[in-house]
Amino acid sequence: LGALGTGHAGASEQMSDILAQVATNTEGNRNSGNSILYECVRTIFSIECEDGLRVLAINILGRFLQNRDNNIRYVALTMLGKVVAVDKAAVQRHRDTIVD
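Residues numbered from 1 in each chain as written. Predicted model: local features only at pLDDT ≥ 70, side-chain atom pairs only at ≥ 80, totals over all residues. Heavy atoms only, no water.

*Asks:* Tell me about the nonpolar core, and please be specific about residues and values.
*Replies:* Among the nonpolar cores identified, the biggest contains 25 residues, and Leu19, Val41, Leu61, Phe64 and Val83 are the most heavily contacted of them. Sorting elements by how many residues they give to this core places helix H4 (residues 51–65) first, with seven residues. (Core = buried A, V, L, I, M, F, W, Y, C linked by side-chain atoms within 4.5 Å. Buried < 20%, exposed > 50% of the residue type's maximum accessible area, 1.4 Å probe, protein only. Helix = DSSP H or I, 4+ residues; strand = E, 2+ residues; numbered from the N terminus.)

As structure tokens, this is what we get:
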């Protein structure tokens, strides 16, 4: 989906509702749920979307940071490193968690 929405406002707009539903209704209790959430976050930051959807993606990364699994935390840190260029203030909200 990210490849289809990159640089295409119409496709990005159509995807936004679907991404919001998937990101909201997917539980991150297992690896499969976490991988779906990660792909949602990746897609959200690769398309042209509303700020609310970006906030949802940042919140998902915040939950990843609080996970006990180091691999999931690493994925969150890597993605937040990419997000800093787009939305520095959103990453600042999770600064305390990152530093700990």
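The structure having been displayed, the exposition proceeds.
*Asks:* How would you summarise the side chain of Ser16 if you had to cite specific residues and measurements?
*Replies:* If you trace the backbone, Ser16 turns up in helix H2 (residues 9–25). Once residues within four sequence positions are removed from consideration, Ser16 is found in contact with Cys49 and Leu53. (Contact = heavy atoms within 4.5 Å.)

*Asks:* Got a sec to walk through the environment of Gln14? Specific residues and values, please.
*Replies:* Tracing the sequence through the fold places Gln14 in helix H2. It is 9.8 Å that separates the C-alpha atoms of Gln14 and Cys49, two residues lying 35 residues apart in sequence.

*Asks:* Let's hear about the packing of H4 against helix H5 (residues 70–83): which residues, and what values?
*Replies:* One can describe the packing of H4 onto H5 by two numbers: an axis separation of 8 Å at closest approach and a directional angle of 145 degrees. Crossing angle aside, the handedness with which H4 passes H5 is left-handed. Contact with H4, carried on its side by Ile58, Leu61, Phe64 and Leu65, involves Ile72, Arg73, Ala76, Leu77, Met79, Leu80 and Val83 of H5 and no other residues of that element. In terms of residue class, the contact of H4 with H5 is made up of ten nonpolar, no polar and one charged. (Axes fitted to C-alpha atoms, helices over the stretch in contact; angles between N-to-C directions. Left-handed = near helix turned anticlockwise from the far one by under 90°. Nonpolar A, V, L, I, M, F, W, Y, C, P; charged D, E, K, R; others polar.)

*Asks:* Could you give an account of the environment of Ile18, naming the residues involved and the relevant values?
*Replies:* Mapped onto the fold, Ile18 is located in helix H2. On the basis of relative accessible area, Ile18 is assigned to the partly exposed category, the value being 47%. C-alpha of Ile18 to C-alpha of Cys40: the two residues are 22 residues apart in sequence and 9.7 Å apart in space.

*Asks:* So what's going on with the confidence of the model for the protein? Which residues, and what values?
*Replies:* Residues of the protein with pLDDT of at least 70 account for 88%, and the chain-wide mean is 81. Within the protein, H5 carries the highest mean pLDDT (89), whereas helix H1 (residues 2–5) carries the lowest (60). (pLDDT = per-residue confidence, 0-100.)

*Asks:* I'd love a proper account of a negative patch on the surface, names of residues and values included.
*Replies:* A grouping of Glu13, Asp17, Glu50 and Asp51 is seen on the molecular surface, where their side chains present a negatively charged patch. When you line up the elements, Glu50 lands in the loop between helix H3 (31–46) and H4. (Patch = residues over 30% accessible without salt bridge, like charges linked within 9 Å, V, L, I, M, F, W, Y side chains within 5 Å. Areas by Shrake-Rupley, 256 points an atom, 1.4 Å probe, with all protein chains shown as cover. Salt bridge = Lys/Arg side-chain N within 4 Å of Asp/Glu carboxyl O. Lys, Arg positive; Asp, Glu negative; His and termini not counted. Charge placed at Lys NZ, Arg CZ, Asp CG, Glu CD.)

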